[in-house]
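# Structural overview for review
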Amino acid sequence: MDTAALKASWGRVAAAGDDVPLYFYSHLFLSHPDVRSMFPIQMTAQREKLVAALGAVVSNVDNLDDVVPLLEQLGRDHRRFSVITEHYAAVGASLLATLKRFLGPSWTPELADAWAQAYGIVAKVMVAAAEQHEDIAPAYWEADVVGVERRSVEVAVVEVVPREPFPYRPGQSVAVEIPQRPRLWRYFSPANAPDSSGRLQFHIQPIAGGMVSKATPSGWAPRSASS
């Protein structure tokens, strides 16, 4: 695998900015419309995550062991989006199509093979981590909202009780989704260890213009997944 060629080609592609993830997701959704529902309606943050993840992998392509923990975490995290092994082939095809689009004449069979090899390794690590995690924890924990208290204009305390025992760790953050905003996960740190009933508190502040902040707190019934 020509790691120098991978780095150089990604540098040229990344220079195209936001057009890269926009083309990638457009290609993915047009070629596999069934996966569109797995993503949030607002894709801005998702596009930024794609570029950041690719940049992190490519920048360490000379020593992939350095990014294995990142790839394993991504594989585990993608379980909550109902990602299965078959989806990785679709993503790989759209990634190669995107690279070909932005590299133009520089996209050679040798470079295509190098990228295919690199993505194959990435997908293998992520799939293995996801499969291993299936035996340890659910993709997410469902929880019922049992209390919402506004402490101030800027802060609300939301209390939830997970339906299954939640593996709390001091200082951890968890990704939370609410039914009103499917596929929009926001990270919060629990304000307490679970009590005897498993109850957790989240102290939440609104974000101006935030899509989740506009949801009605009294209607929350979030699902959460550990980070």
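Structure's up top.
First, a word on scope: everything that follows refers to the structure included in this document. (Residues numbered from 1 in each chain as written. Predicted model: local features only at pLDDT ≥ 70, side-chain atom pairs only at ≥ 80, totals over all residues. Heavy atoms only, no water.)

We now examine the overall build of the protein chain. Broken down by element type, the protein chain carries six helices and six strands. Beginning at the N terminus, the succession of helices and strands in the protein chain can be written as α-α-α-α-α-α-β-β-β-β-β-β. Out of the 227 residues belonging to the protein chain, those deemed buried represent 40%. The long-range share in the protein chain, meaning contacts at least 24 apart out of those at least 6 apart in sequence, stands at 68%. Carbon and sulfur atoms provide 56% of the accessible area of the protein chain, an area that totals close to 12,200 Å². (Helix = DSSP H or I, 4+ residues; strand = E, 2+ residues; numbered from the N terminus. Buried < 20%, exposed > 50% of the residue type's maximum accessible area, 1.4 Å probe, protein only. Contact = heavy atoms within 4.5 Å. Areas by Shrake-Rupley, 256 points an atom, 1.4 Å probe, with all protein chains shown as cover.)

This paragraph deals with the packing of helix α1 (residues 3-14) against helix α6 (residues 109-134). Between α1 and α6, whose axes approach to 10 Å, the crossing angle comes to 100°. Taken together, the axes of α1 and α6 lie roughly perpendicular to each other. For the pair α1 and α6, the contacting residues are Ala 5, Leu 6, Ser 9 and Trp 10 in the first and Leu 111, Ala 114, Trp 115 and Ala 118 in the second. (Axes fitted to C-alpha atoms, helices over the stretch in contact; angles between N-to-C directions. Parallel < 35°, antiparallel > 145°, perpendicular 65-115°, else oblique.)

Right, let's talk about the pairing of strand β3 (residues 174-177) for a bit. Where burial is concerned, the two faces of β3 agree: the one with Val 174 and Val 176 and the one with Ala 175 and Glu 177 are both buried. In this structure, β3 lies alongside strand β4 (residues 186-188), joined through three bridges in antiparallel fashion. Looking at the pairing, Ala 175 lines up with Tyr 187 of β4. (Pairing = 2+ DSSP bridges.)

Let us look at the side chain of His 87. Counting through the fold element by element, His 87 comes out in helix α5 (residues 85-103). Among residues more than four places away in sequence, those in contact with His 87 are Val 35, Met 38 and Ser 82.

Shape is all these values report; function is a separate question.
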